[in-house]
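Architecture at a glance
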Amino acid sequence: LPSHSIVCRLLENCRSICELKRIHGVLMVFGLSKEQPFATKILSFSASCISSSRDINYAHKIFLQVPFPSIFDYNVIIRGYSSSKNPYKSLRLFVQMLRNDVVPDHLTYPFLAKACARLMELKLGRCIHGIILRKGFVLDRFVLNSLMHMYGSCSDIVGARKVFDEMPARNLVSWNTMVDAYAKCGKVISMREVFDLMPERDVVSWSCLIDGYVKEGEYMEAMEVFERMIAFGPNAN
RNA sequence: AAAUCCUACCGCCU
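For the structure given in this document, a descriptive report is provided here.

What counts, and at which threshold
- Residues numbered from 1 in each chain as written.
- Chains lettered and ligands numbered in written order.
- Predicted model: local features only at pLDDT ≥ 70, side-chain atom pairs only at ≥ 80, totals over all residues.
- Heavy atoms only, no water.
- Phe/Tyr/Trp six-rings, centres within 6.5 Å; stacked < 30°, edge-to-face > 60°.
- Helix = DSSP H or I, 4+ residues; strand = E, 2+ residues; numbered from the N terminus.
- Buried < 20%, exposed > 50% of the residue type's maximum accessible area, 1.4 Å probe, protein only.
- Lys NZ or Arg CZ within 6 Å of the ring centre and 35° of its normal.
- Contact = heavy atoms within 4.5 Å.
- Near = heavy atom within 4 Å.
- Polar contact = N/O pair within 3.5 Å; in protein donor to acceptor, adjacent residues only side chain to side chain.
- Nonpolar A, V, L, I, M, F, W, Y, C, P; charged D, E, K, R; others polar.

What follows concerns the packing of aromatic side chains. Evaluated as defined, the whole model comprises five aromatic pairs. Measuring from ring centre to ring centre gives 5.0 Å for F195 and W206, while their planes differ by 80°; the resulting arrangement is edge-to-face. Separated by 11 residues along the polypeptide, F195 in helix α12 (residues 188-197) and W206 in helix α13 (residues 203-215) bring together distant segments of the chain. Judged by its relative accessible area of 0%, F195 is buried. Seen from the ring of F164, R170 lies directly overhead, with NZ or CZ sitting 4.7 Å from the centre. Just above the ring of F195 sits the side chain of R201; from NZ or CZ to the centre is 4.3 Å.

So this is what it looks like as structure tokens:
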């Protein structure tokens, strides 16, 4: 029988899905594939290599083999689906998780918000927002940023701005997400107002701004901004 | 056994 530490080392040093499948196969032969921490390690590795819909299917199959999935296992698979072709599955897994009395954490919600954003499902997004309020995750910047992004992606600029205004503390991503939300809906005046108020900027801030102008056909403005960024650097003010 | 968190574009995969 392979020793615990050797299997762990194999899984930790695993570099490709192909290699993972071989180790998984060996573990199955020994009846160890559902044992912890192996099952979770296999799952998280498979989910970290997701680059096509084949990979997410494989990760999901592994998830189904995990006997009593923990919050970590759920987060890993929910995250995988949130950026997949079928983000709706994230939401289904979330419901399943609640039914199994696994309590979502501050990492679960950004994945759910992302799923709603990609689906452009404003109603579901608002529902997730409601749950976040009830569960008291309103102080988490990552959670709030992901909600703002969801509203922006669902073309609810008022909703996005409300989250932004009511946030207890904002970081660079909060500002960038707000600029991007205005850019997406073509409100270049408001976009610029927010951009000009930013306490700091990075290359993402500038590219959201430029993108907003380009989408509205304001090419001269886009070029000017681009040249300013090149001349002074994206972090300058 | 402590791994999984937010924004633009690009790239990778289909």
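Counting buried residues along helix α3 (residues 38-48), eight of its 11 residues qualify, which places the element largely inside the surrounding structure. If you check which residues of α3 are buried, you get F38, A39, T40, I42, L43, F45, S46 and A47. Tucked into the core, α3 has its buried residues touching α1 (4-12), α2 (17-29), α4 (53-65) and α5 (71-82).

What follows is about the protein's contact with RNA strand B. Around RNA strand B, the structure places 20 residues, and the nearest of them are S51, N75, R79, N145 and S207. Of all RNA strand B atoms lying within 4 Å of any protein atom, the proportion belonging to sugar or phosphate reaches 42%. N145 places a side-chain nitrogen or oxygen 2.5 Å from a base oxygen of RNA strand B. Looking at the surface near RNA strand B, the elements with two or more residues in it are α5, α7 (108-119), α9 (141-153), α11 (172-184) and α13. In terms of residue class, the surface near RNA strand B is made up of eight nonpolar, nine polar and three charged.

Take the environment of H129 next. Examined against the element boundaries, H129 turns out to sit in helix α8 (residues 122-135). When the C-alpha positions of H129 and M150 are compared, they lie 9.7 Å apart, and in sequence the two are 21 residues distant. Apart from residues lying up to four places away in sequence, H129 is in contact with L147, Y151 and V163.

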